[in-house]
Amino acid sequence: MDTAPSAEPLTTTAPAPGSSRRRVATAAALASAVEWYDYFVFGIAAALVLGDLYFPAGSPTAGVLASFATFAVGFLARPLGGIVAGHLGDKRGRKPMLVLALTLMGLATTGIGLLPTYDTIGVAAPILLVALRVVQGIAVGAQWGGAMLLATEYAPEGKRGVYGSFVQLGVPIGVVTANTVFLLAGAFTTDAAFAAWGWRVPFLVGLFVLALAWYIHTRVEETPEFREAEKKLAEQEKAEQSSPLRTILRGHLGTVLLAGGSFAVNTATFYIIITGVLDYTTRELGMKKSAVLMVSLCVSLTQLVLIPAAAALSDRIGRIRIYALGAVGIGLWAVPLFLLIDTGSLLWLAVGTFVASCFLSIMYGPQAALFAELFTAEMRYTGASLGYQIAAVLGGGLAPFIMVLLLEATGTSMAVSGYIIGLAVIALLSIKVLADRARSR
């Protein structure tokens, strides 16, 4: 089976030197890791402290819902980042958009770490928090496509899945580092000190993102495939006055929506595990915050092995097969996952989230190469970014919020399992259509 799911796979260009490939792959992985770290610290803080500090009125549940709603706002902004950066990235280059995304994320995250609370500046505090979260969303929406294409478009033939997985590793690395910094902040402060200032420390680490942005700006070259596509695009625009975004919307919107539908279950389940379960286990089940964070950290470490392994396998037997296997597993494990979590046992929490993480990794490993291969180089940044960010809105951004609502409305975690199963069905239907299109072409 051809590993490319479309009739228009990545083109073959002159091979880049090995040292350049390694430097670019490392830079793309680091860019993804620090960007996701900045993004995830907000999710952890939303589950632990932001409700009390920025939305103090009402019940604890209302405060958590408000903070998770703010968390979701960042996801609603991600398609905007994907659209703008995708359009400019397909026209002006992958690297400039990645540098811009890193700069925006570093400034926004640092701003959250310095933001006064509701008790200090009143209603301006939650307004500014939402605004900074929007900037974070725009930044991460712009980042993924740039980092992913730097890696996959520099990849040698037959290893695009593996190179794309370097960017995907940014997610577990971001989770591990975010949890680690929060654990250290909690360990070296009292509960009162953590609520007063300790939670800010993980956000101030965002300053390091600016240094990485400067490194990529000065040391990383544009991808060979974009340089080739740039010539084609210039000729096309002269003849048709077209643009990557217009081309996607006119002729490839169905592919974008199918890509988003195929991935929503992955991103929803992921954010349920790292943020929704953190709130649920500490607030409803009475489990210790530090213990739950440690479980999340350890489970995320296993993804550092599973993600590249799944990507490497996809290079050999095909993206669709591996991707679909992960989606099936997520759907089948949705009920056992919450049955284990509801025991209130750290051991069973670890088992449940570990198995779920395995299926998430099986999907996530080949996903970067899969999405890149759905589109030609002239519109790849735009198309792949839009597909990814649509999934992020429909799945990830709303998932913790929907989880709290389902738990409050039904009183049972099985409602959350049903939500995951529904998204898994949508994913499998989307994957089937993508596979049928590949075979027909």
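Nothing here was measured: the structure is a model prediction, and the numbers come from that model. (Residues numbered from 1 in each chain as written. Predicted model: local features only at pLDDT ≥ 70, side-chain atom pairs only at ≥ 80, totals over all residues. Heavy atoms only, no water.)

## Topic: the overall build of the protein chain
Thinking step 1. The secondary structure content of the protein chain amounts to 19 helices and zero strands.
Thinking step 2. Across the protein chain, the fraction of contacts at a sequence separation of at least 24, relative to all contacts at a separation of at least 6, is 87%.
Thinking step 3. With the model as given, the accessible surface of the protein chain reaches about 16300 Å², and the carbon-plus-sulfur share is 68%. (Helix = DSSP H or I, 4+ residues; strand = E, 2+ residues; numbered from the N terminus. Contact = heavy atoms within 4.5 Å. Areas by Shrake-Rupley, 256 points an atom, 1.4 Å probe, with all protein chains shown as cover.)

## A short note on helix 13 (residues 253-284)
Thinking step 1. Roughly 40° is the biggest bend found in helix 13, and it falls at Gly276.
Thinking step 2. Burial analysis of helix 13 places 26 of its 32 residues in the buried class, the great majority of the element.
Thinking step 3. One or two steps after helix 13, the chain reaches Gly286, where phi turns positive at roughly 70°. (Bend = angle between axes of the 7 residues up to and from the residue. Buried < 20%, exposed > 50% of the residue type's maximum accessible area, 1.4 Å probe, protein only.)

## Digging into the side chain of Ser296
Thinking step 1. With respect to the helices, strands and loops of the structure, Ser296 is situated in helix 14 (residues 289-317).
Thinking step 2. Accessibility expressed as a relative area gives 14% for Ser296, which makes it buried.
Thinking step 3. Only 3.2 Å separates the side chain of Ser296 from the side chain of Asn179, close enough to count as a polar contact.
Thinking step 4. In contact with Ser296, not counting residues within four places along its chain, are Val175, Asn179 and Ile274. (Polar contact = N/O pair within 3.5 Å; in protein donor to acceptor, adjacent residues only side chain to side chain.)

## Quick notes on the side chain of Gln389
Thinking step 1. Inspection of the secondary structure assignment puts Gln389 in helix 17 (residues 380-397).
Thinking step 2. Leave out the neighbours within four places in its chain, and Gln389 touches Arg78, Pro79, Gly82, Val140, Gly141 and Trp144.

## Brief notes about the confidence of the model for the protein chain
Thinking step 1. Of all residues in the protein chain, 87% have pLDDT values of 70 or greater, and the mean over the chain is 81.
Thinking step 2. In the model of the protein chain, helix 11 (residues 224-240) stands out as the element of lowest mean pLDDT, 55, in contrast to helix 15 (residues 319-341), which has the highest, 95. (pLDDT = per-residue confidence, 0-100.)

## Structural notes on the packing of aromatic side chains
Thinking step 1. All chains considered together, the criterion is met by seven aromatic pairs.
Thinking step 2. Geometrically, the ring pair formed by Phe263 and Phe371 is edge-to-face, given 6.2 Å between the ring centres and 70° between the ring planes. Placement of the pair is Phe263 in helix 13 and Phe371 in helix 16 (residues 346-372), with a sequence separation of 108 residues.
Thinking step 3. The exposure class of Phe371 is buried, given its relative accessible area of 0%.
Thinking step 4. A centroid spacing of 5.1 Å and a plane angle of 85° characterise the contact between Phe270 and Tyr271, whose relative ring orientation is edge-to-face. (Phe/Tyr/Trp six-rings, centres within 6.5 Å; stacked < 30°, edge-to-face > 60°.)

## As for a nonpolar patch on the surface
Thinking step 1. A surface patch of nonpolar side chains, about 410 Å² in accessible area, is lined by Val335, Leu339, Ile421, Val425 and Leu429.
Thinking step 2. Where the nonpolar patch is concerned, the elements lending two or more residues are helix 15 and helix 19 (414-440).
Thinking step 3. Broken down by element, the nonpolar patch gets its largest block of residues, three residues, from helix 19.
Thinking step 4. Within the fold, Val335 resides in helix 15. (Patch = residues over 30% accessible without salt bridge, like charges linked within 9 Å, V, L, I, M, F, W, Y side chains within 5 Å. Salt bridge = Lys/Arg side-chain N within 4 Å of Asp/Glu carboxyl O.)

## Some words on helix 18 (residues 399-410)
Thinking step 1. Over its twelve residues, helix 18 extends 16 Å from the first C-alpha to the last, a length consistent with the 16 Å expected when each residue adds 1.5 Å.
Thinking step 2. Looking at helix 18, one finds that the buried residues are Ala399, Pro400, Met403, Val404 and Leu407. Along the axis of helix 18, the buried residues cluster in a sector spanning 140°; they form a single face.
Thinking step 3. Positive phi appears at Gly411, one or two residues downstream of helix 18, with a value of about 75°. (Expected span 1.5 Å × (residues − 1). Arc of directions from axis to C-beta.)

## Let's talk about the packing of helix 7 (residues 170-187) against helix 14
Thinking step 1. For the pair helix 7 and helix 14, interaxial distance at closest approach is 8 Å and the crossing angle is 155°. Taken together, the axis directions place helix 7 and helix 14 in an arrangement best described as roughly antiparallel. The two elements helix 7 and helix 14 cross, and the hand of that crossing is left-handed. Contact residues: helix 7 offers Pro172, Ile173, Val175, Val176, Asn179, Thr180, Phe182 and Leu183, while helix 14 offers Ser290, Leu293, Met294, Ser296, Leu297, Ser300, Leu301, Gln303, Leu304 and Ile307.
Thinking step 2. When grouped by side-chain class, the residues that make up the contact of helix 7 with helix 14 number twelve nonpolar, six polar and no charged. (Axes fitted to C-alpha atoms, helices over the stretch in contact; angles between N-to-C directions. Parallel < 35°, antiparallel > 145°, perpendicular 65-115°, else oblique. Left-handed = near helix turned anticlockwise from the far one by under 90°. Nonpolar A, V, L, I, M, F, W, Y, C, P; charged D, E, K, R; others polar.)

## A few points about the packing of helix 5 (residues 124-152) against helix 16
Thinking step 1. Contact geometry for helix 5 and helix 16: axes closest at 10 Å, N-to-C directions at 85°. The orientation of helix 5 relative to helix 16 falls into the category roughly perpendicular. Residues Trp144, Met148, Leu149 and Thr152 of helix 5 touch helix 16, and the partners they reach there are Tyr364, Gln367, Ala368, Ala369, Phe371 and Ala372.
Thinking step 2. Considering only residue class, the contact of helix 5 with helix 16 consists of eight nonpolar, two polar and no charged.

## Things to note about the environment of Thr190
Thinking step 1. Locating Thr190 in the fold gives a position in the loop between helix 7 and helix 8 (191-196).
Thinking step 2. Within the structure, the side chain of Thr190 is placed 3.1 Å from the backbone nitrogen of Ala193, a separation counted as a polar contact.

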